[in-house]
There are 2 protein chains.
Amino acid sequence: MGESICGLKRTHYCTEVTVNDVGKEVTVMGWVQRRRDLGKLIFVSLRDRSGIIQVVFSDETKKEIFEKAEKIRSEFVLAIRGKVVKRADDAINPDMITGEIEIWAEELRILSTAETPPMYIEENLQVNEALRLKYRYLDLRRPDMQRNIMLRHRVAKVARDYFDANGFLEIETPMLTKSTPEGARDYLVPSRVHPGKLYALPQSPQLFKQLLMAAGFDRYFQIVKCFRDEDLRADRQPEFTQIDLEMSFVDVEDVIKINEGFIKKLFKEVLDVEVNCPFERMSYKEAMERFGTDKPDTRFGLELVDLSHIVKDCGFRVFSDAVKNGGSVRAINAKGCGGKFSRKEIDALGEYVKNYNAKGMAWIVVEEDGLKSPITKFLNEEEIRAILEKVHAEPGDLICFVADKDKIVFSALGELRLEIARKLNLVNDKEFKFLWITEFPLFEYDEEEERYVAKHHPFTAPMDEDIKYIETEPEKVRSKAYDLVLNGNEIGGGSVRIHDQELQKTMFKCLGFTEEEAKERFGFLLEAFKYGTPPHGGIAFGLDRLAMLMAGCSSIRDVIAFPKVQNASCLMTNAPDVVDEKQLEELHVKFDIKDIDNQQ
Amino acid sequence: MGESICGLKRTHYCTEVTVNDVGKEVTVMGWVQRRRDLGKLIFVSLRDRSGIIQVVFSDETKKEIFEKAEKIRSEFVLAIRGKVVKRADDAINPDMITGEIEIWAEELRILSTAETPPMYIEENLQVNEALRLKYRYLDLRRPDMQRNIMLRHRVAKVARDYFDANGFLEIETPMLTKSTPEGARDYLVPSRVHPGKLYALPQSPQLFKQLLMAAGFDRYFQIVKCFRDEDLRADRQPEFTQIDLEMSFVDVEDVIKINEGFIKKLFKEVLDVEVNCPFERMSYKEAMERFGTDKPDTRFGLELVDLSHIVKDCGFRVFSDAVKNGGSVRAINAKGCGGKFSRKEIDALGEYVKNYNAKGMAWIVVEEDGLKSPITKFLNEEEIRAILEKVHAEPGDLICFVADKDKIVFSALGELRLEIARKLNLVNDKEFKFLWITEFPLFEYDEEEERYVAKHHPFTAPMDEDIKYIETEPEKVRSKAYDLVLNGNEIGGGSVRIHDQELQKTMFKCLGFTEEEAKERFGFLLEAFKYGTPPHGGIAFGLDRLAMLMAGCSSIRDVIAFPKVQNASCLMTNAPDVVDEKQLEELHVKFDIKDIDNQQ
């Protein structure tokens, strides 16, 4: 049975004890990292969230305490009172914060015993993630996970301090709310009191934060759980956390400025990294043409080059047809890779772009004494010279071409660019490069639904100078939306919203909603906007991803205390699970068993 | 169509403009509280979240601006640039913060027009709450609601600052988790990926915060949404917010101390009220005997007096039988009410206690020249003298008696005490009286289930000196649980937990769980506790109720931006609602329609 701490007070976290405490009596409490029993000497490394300190039991320790110490095993929880002693010079451990000292134990309580844990409690553990998640409470004891969770805490705290200091009010919005038919799939919650009706868990507090602006709160802020019932990819969780904010009486510049201030303060306070403001900006169009993506990693070059005008009439049908069919031919000059990459490696790049729906990759290797390429035979000399000039080719370069519809060209070359950068190790891991992407298209054409849909959401405002095109040439209209990109990751996005009822009605019309449909979907927001709505805009940051990038992790699961796995289940609690039949009866819910059986 | 703010920057919130700004040009933005059109002069009261300032349009205003000003109506949203002018002495309004000045408009933009709102936007509005909740975005514009939501923001911010400064880490726990069969009814969320299985929304992060202690985080804190699918009473919401915390290596005193520090700082920073520490403490037993409740309002007296030993053999069978059947006879001396209350009012008190299952109320009015009472005829002189002495009766007093099982006596007299205090106006609204209730019983006997159940939850630790009774006399065991009471409201509660596996097993045995059942219900916690668990304890405060009491409101709905009504629906969004059949199909969910039809 575990001993009580009654009468004993912890005086220090383990690594708070320093050489300045030598000679003093201290009391520390924590877990046994390691025990070394040398017969007449027992060394215990005691661990708490601050780190580790060494405790010694020796000849000088009272007999009954020494005997108790012999029972100690890994992960036992101890309280130790003792004297701080400077280690002998040859026993100093420069790798430990407390490496110059140790505690000579005078009192020992075993607060809890422990079975041998199913994994080691140590940094950079190489172990199956499923085991880590099943025993998450053990996994979280590891120093890297402790640091990640502490970093996440600091990110949230700095965010709250900054936005509070700038007049933002944290206002809670409902978790049990109404299903909105646009967007991703909702998680639904059956109502016991209203049988057959359901709540939805929010995908974001979008409508509520706009209502808070209509309510005159002026500046709203919230760190809030959001929910999407999507098929999970590596970086998705069914529940995720947003740093969400909205401001009244603002235009794009105001939102950008306040958020640059936030990021600057965040990186300084949490990582002691200086970020320069203002951040670079790039229009959506420029980002796509130069990097093939709206979230470019601009820490390195390898930009896309449009060669369409050069090859539009060339003899290589793959190229000329692509241009004639409204697509394009673009290339990346992989500087110096011509010599570096073997034919096999080049072919592998060709296979790689096929993952992004390209039919293949054409290439030219520039050598000192000529070109090596499967396609040059289809091009005339002038075309070849023009291409080489346009991509600034030099001996040793590898030029990679993709020809297709723009969408495929951008996606294939954008990904190829990242792949080449990885292969060439072009990325500086220590660099944080921020970039605003602006002037997104307001609409995009949904080929399946054969109508324009909102690129962001139906409340995003068009740019003032493009409003005139909204009914006639919707594809030309740019919006007041902006994304914040960090090292090729979208970490935040938002927009200035439509606050004018008439413009909102036009917008719904362009999206193909009848007035009736618009009312059914967004009725209470439209109703609210009748009674005086300020111009407003906002942004939401993905806290999980932001914390992940700041912690230098590659999975958001490493910055979430209790994450779910790809099939949306929790390996520790076994959620979701079956429930008592009585609980379902109260909700009037039945599961369609036949259907389920067929699936399983 | 609303004008744009392009080119215009707000320089001040309305009430930030002061006499020091006289002569300066300022730009303010907000809603029209009131417009007075005197023909050649138009006065507009412009409102933002800071308050109101007066704007003047006059002869000196440009003609086209004056004409635009004539179109202004209530709740229009305006941007106004103009000069700050000191008002003439006879025009100064001492009731307004900005009453000495006004802005002479030089530029006016109508950012948004407004229809006439369905309610007045003013303080202390007397209007149907259903209307307020349907148009919540308008209701929230009212200055009292703005203040409430701002106060709530400050409460949360101060909580985070305090606990962060004291080494607590805010760690998010899952919203989609596993149903736990103990406790209230869960809200359930069907899983699309695992048909037939469901998540539960958490009733509290209890298990997760204990796991975080097992994980070595030492001090955890979170402001977190919790969910209970209960039938709503006045002060309940389906989703509510807790200030939740847990600490390792602590006993009761440590938890109490850190939380007294929190409350002291909270009241100082938010209300500028000095709270004295340490708070008073009272055992559960004492609270019940003196006040009939475990959340006594100790701002006034009217304490309960036990008369059982005096009347146990008296001739009044209602009294003597109650004692003989194991119950008690207790009284409240309503000082000075004998003269004040009419016979009708006394009878009304008798009816009042019946709401709390008392069969009735006996009474004695003490007059200068004798007693008036329907029961004295059944008592002998000595009994009467002993009673009067025990309750310190003086002429003018009204003694109110209830005789029954203890549970009923306590509940009826506890409530009667509050009722009398209300009638006598004994309560000082400005006083904040804090009180810890400690030494709760560990178990209570559930007559329906015919077994002992945990008074708090099955992880609450027994008091060290009572552990010996746990298997033999469970009703004698007091726990390390504590509630914090403010003015008769429970605002927080918690306990030191069991961290010893053997004691936890004994506890489950006492609760009548087989090992198998315990494992099924709390398996992952029990598993976690095998690997070294520190002594730990914590508390959770109800943020909604705390904010309500601090704001001086009588309903938690007044400190929640978007609350639900008694039937758990939202009058603004109409949630919960029916969803597309396709959404239910994806979840394999069917509603039992016949059953529903029968209900409706």
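The model shown is predicted, which means the values in this text are computed figures rather than measured ones.

1. Considering the nonpolar core
For soluble globular proteins, the rule of thumb is that nonpolar side chains tend to be buried together.
Right, so step 1: Grouped together as the largest cluster of nonpolar side chains are 199 residues, with contacts concentrated most on A:Ile243 and B:Ile243.
Right, so step 2: When residues no more than four places from it in sequence are discounted, the contact partners of A:Ile243 are A:Ala159, A:Phe163, A:Phe221, A:Gln222, A:Ile223, A:Phe262, A:Ile539, A:Ala540, A:Phe541, A:Leu543 and A:Leu546.

2. Observations concerning the interface of chain A and chain B
Right, so step 1: Across the boundary between the two partners, chain A contributes 130 residues, which contact 129 residues of chain B.
Right, so step 2: Summed over the three residues of chain A that lose the most area to chain B, namely A:Glu172, A:Phe249 and A:Tyr531, the buried surface amounts to 7% of that side.
Right, so step 3: Our enumeration of links across chain A and chain B arrives at 70 residue pairs in polar contact (both at pLDDT 80 or more).
Right, so step 4: Element by element, the count of residues in the side of chain A that touches chain B is highest for helix 4 (residues 143-165) of chain A, at 11 residues.
Right, so step 5: Class assignment of the residues belonging to the side of chain A that touches chain B gives a composition of 63 nonpolar, 29 polar and 38 charged.
Right, so step 6: The pairing of strand 23 (residues 589-591) of chain A with strand 23 (residues 589-591) of chain B spans 3 bridges and is antiparallel. Looking at the pairing, A:Phe591 lines up with B:Val589 of strand 23 of chain B.

3. Observations regarding the confidence of the model for chain A
Right, so step 1: This prediction gives chain A a mean pLDDT of 94; 98% of its residues lie at or above 70.
Right, so step 2: Two numbers describe this predicted complex: its pTM, 0.96, and its ipTM, 0.95.

4. A look at the side chain of B:Gln504
Residue and element names in this part refer to chain B.
Right, so step 1: Within the fold, Gln504 resides in helix 14 (residues 501-510).
Right, so step 2: On the basis of relative accessible area, Gln504 is assigned to the buried category, the value being 2%.
Right, so step 3: Residues contacting Gln504, with those up to four places away along its chain left out, are Pro458, Phe459, Ile498 and Leu526.

5. A closer look at the packing of helix 4 (residues 143-165) of chain B against helix 6 (residues 252-271) of chain B
Residues and elements named next belong to chain B.
Right, so step 1: Interaxial distance between helix 4 and helix 6 falls to 9 Å at its minimum, and their mutual angle equals 140°. As far as their axial angle goes, helix 6 and helix 4 are oblique. For the pair helix 4 and helix 6, the crossing hand works out as right-handed. Contacts between helix 4 and helix 6 involve Leu151, Arg154, Val155, Val158, Ala159, Tyr162 and Phe163 from the former and Ile258, Asn259, Gly261, Phe262, Lys265, Leu266, Glu269, Val270 and Leu271 from the latter.
Right, so step 2: Within the contact of helix 4 with helix 6, the residues separate by chemical class into 11 nonpolar, 2 polar and 3 charged.

6. Concerning the relation of the copies chain A and chain B
Two copies of one chain are present, and they are related through a rotation about an axis combined with an axial shift.
Right, so step 1: Least-squares fitting of chain A to chain B yields an RMSD of 0.0 Å, with the transformation described by 0.0 Å of translation along the axis and a rotation of 180°. What the rotation and shift describe, once combined, is the action of a two-fold rotation axis.
Right, so step 2: Counting the interface residues of chain A, we find that 98% of their copies in chain B are interface residues as well, pointing to one common contact surface.

7. Some thoughts on the pairing of strand 10 (residues 239-248) of chain B
Residues and elements named next belong to chain B.
Right, so step 1: Burial analysis of strand 10 places 10 of its 10 residues in the buried class, which makes it a mostly covered element.
Right, so step 2: Of the two faces of strand 10, the one lined by Glu239, Thr241, Ile243, Leu245 and Met247 and the one lined by Phe240, Gln242, Asp244, Glu246 and Ser248 are each fully buried.
Right, so step 3: In this sheet, strand 10 lies alongside strand 9 (residues 219-227) in antiparallel orientation, the contact comprising 9 bridges. The partner of Phe227 across the bridge, within strand 10, is Glu239.
Right, so step 4: Judged from the 7 bridges that link them, strand 10 and strand 22 (residues 536-542) form a sheet pairing that is antiparallel. The partner of Ser248 across the bridge, within strand 22, is His536.

8. Some thoughts on a negative patch on the surface
Right, so step 1: On the surface, A:Glu515, A:Glu516, A:Glu517, A:Glu520, B:Asp580, B:Glu581 and B:Glu585 cluster together into a patch of negative charge.
Right, so step 2: Elements represented by at least two residues in the negative patch include exactly helix 15 (515-529) of chain A together with helix 17 (581-587) of chain B.
Right, so step 3: Counting residues per element, the negative patch draws most heavily on helix 15 of chain A, at 4 residues.
Right, so step 4: Secondary-structure assignment places B:Asp580 in the loop between helix 16 (543-551) and helix 17.
Right, so step 5: The class for B:Asp580 is partly exposed, based on a relative accessible area of 47%.

9. Considering the pattern of salt bridges
Right, so step 1: Taken as a whole and judged by the stated rule, the model has 139 salt bridges over all chains.
Right, so step 2: One salt bridge connects B:Glu170 with B:Arg160, and the closest N-O pair in it is separated by 2.7 Å. Taken together, the residues B:Glu170 in strand 6 (residues 169-170) and B:Arg160 in helix 4 connect sequence positions 10 residues apart.
Right, so step 3: Connected through shared salt-bridge partners, A:Arg132, A:Arg136, A:Asp139, A:Arg142, A:Asp144 and A:Asp558 make up one network.

10. Description of the sheet that holds strand 1 (residues 25-37) of chain A
Residues and elements named next belong to chain A.
Right, so step 1: Taken in spatial order, the 5 strands line up as 1-2-3-5-4 and close into a barrel, and their pairing is mixed. Across the sheet, the axes of successive neighbouring strands diverge by a mean angle of 55°, strand direction being ignored.
Right, so step 2: Across 6 bridges, strand 1 lies against strand 2 (residues 42-48) in antiparallel orientation. Pairing of Arg34 across the sheet is with Ser45, part of strand 2.

11. Let's talk about helix 4 of chain A
All names here are of chain A.
Right, so step 1: Here helix 4 contains 23 residues, and its C-alpha end-to-end distance of 32 Å stays within 8% of the 33 Å for a straight helix at 1.5 Å per residue.
Right, so step 2: Of all 23 residues that make up helix 4, 17 are buried, and the element is covered over most of its length.
Right, so step 3: A positive backbone phi angle near 85° is found at Gly167, which sits one or two residues after helix 4.

12. Some words on the packing of helix 14 (residues 501-510) of chain A against helix 15 of chain A
All names here are of chain A.
Right, so step 1: Taken N-terminus to C-terminus, the directions of helix 14 and helix 15 make an angle of 170°; their axes are 11 Å apart at the nearest point. Taken together, the axes of helix 14 and helix 15 are roughly antiparallel relative to one another. As helix 14 packs across helix 15, the resulting crossing turns out to be right-handed. Mapping the contact onto sequence places Gln501, Gln504 and Phe508 in helix 14 and Ala518, Phe522, Leu526 and Phe529 in helix 15.
Right, so step 2: Tallied by class, residues from the contact of helix 14 with helix 15 come to 5 nonpolar, 2 polar and no charged.

13. Regarding the packing of aromatic side chains
Right, so step 1: Applying the stated rule across the entire model yields 54 aromatic pairs over all chains.
Right, so step 2: Here B:Phe163 and B:Phe168 contribute two aromatic rings whose centre-to-centre distance is 5.1 Å and whose plane-to-plane angle is 80°, an arrangement assigned as edge-to-face.
Right, so step 3: Accessibility expressed as a relative area gives 1% for B:Phe168, which makes it buried.
Right, so step 4: Above the plane of the ring of A:Tyr469 lies A:Lys476, whose end atom (NZ or CZ) is 4.4 Å from the centre.

14. Some points on the environment of A:Lys377
Residue and element names in this part refer to chain A.
Right, so step 1: Its location among the elements puts Lys377 in the loop between strand 15 (370-372) and helix 12 (381-390).
Right, so step 2: The exposure class of Lys377 is exposed, given its relative accessible area of 65%.
Right, so step 3: Here the alpha-carbon distance between Lys377 and Val365, two residues 12 residues apart in the chain, equals 14 Å.

Cut-offs applied
- Residues numbered from 1 in each chain as written.
- Chains lettered and ligands numbered in written order.
- Predicted model: local features only at pLDDT ≥ 70, side-chain atom pairs only at ≥ 80, totals over all residues.
- Heavy atoms only, no water.
- Core = buried A, V, L, I, M, F, W, Y, C linked by side-chain atoms within 4.5 Å.
- Buried < 20%, exposed > 50% of the residue type's maximum accessible area, 1.4 Å probe, protein only.
- Contact = heavy atoms within 4.5 Å.
- Buried area = accessible area lost by both parts, 1.4 Å probe.
- Polar contact = N/O pair within 3.5 Å; in protein donor to acceptor, adjacent residues only side chain to side chain.
- Helix = DSSP H or I, 4+ residues; strand = E, 2+ residues; numbered from the N terminus.
- Nonpolar A, V, L, I, M, F, W, Y, C, P; charged D, E, K, R; others polar.
- Pairing = 2+ DSSP bridges.
- pLDDT = per-residue confidence, 0-100.
- Axes fitted to C-alpha atoms, helices over the stretch in contact; angles between N-to-C directions.
- Parallel < 35°, antiparallel > 145°, perpendicular 65-115°, else oblique.
- Left-handed = near helix turned anticlockwise from the far one by under 90°.
- Least-squares fit on C-alpha atoms with pLDDT ≥ 70 in both.
- Patch = residues over 30% accessible without salt bridge, like charges linked within 9 Å, V, L, I, M, F, W, Y side chains within 5 Å.
- Areas by Shrake-Rupley, 256 points an atom, 1.4 Å probe, with all protein chains shown as cover.
- Salt bridge = Lys/Arg side-chain N within 4 Å of Asp/Glu carboxyl O.
- Lys, Arg positive; Asp, Glu negative; His and termini not counted.
- Charge placed at Lys NZ, Arg CZ, Asp CG, Glu CD.
- Expected span 1.5 Å × (residues − 1).
- Phe/Tyr/Trp six-rings, centres within 6.5 Å; stacked < 30°, edge-to-face > 60°.
- Lys NZ or Arg CZ within 6 Å of the ring centre and 35° of its normal.

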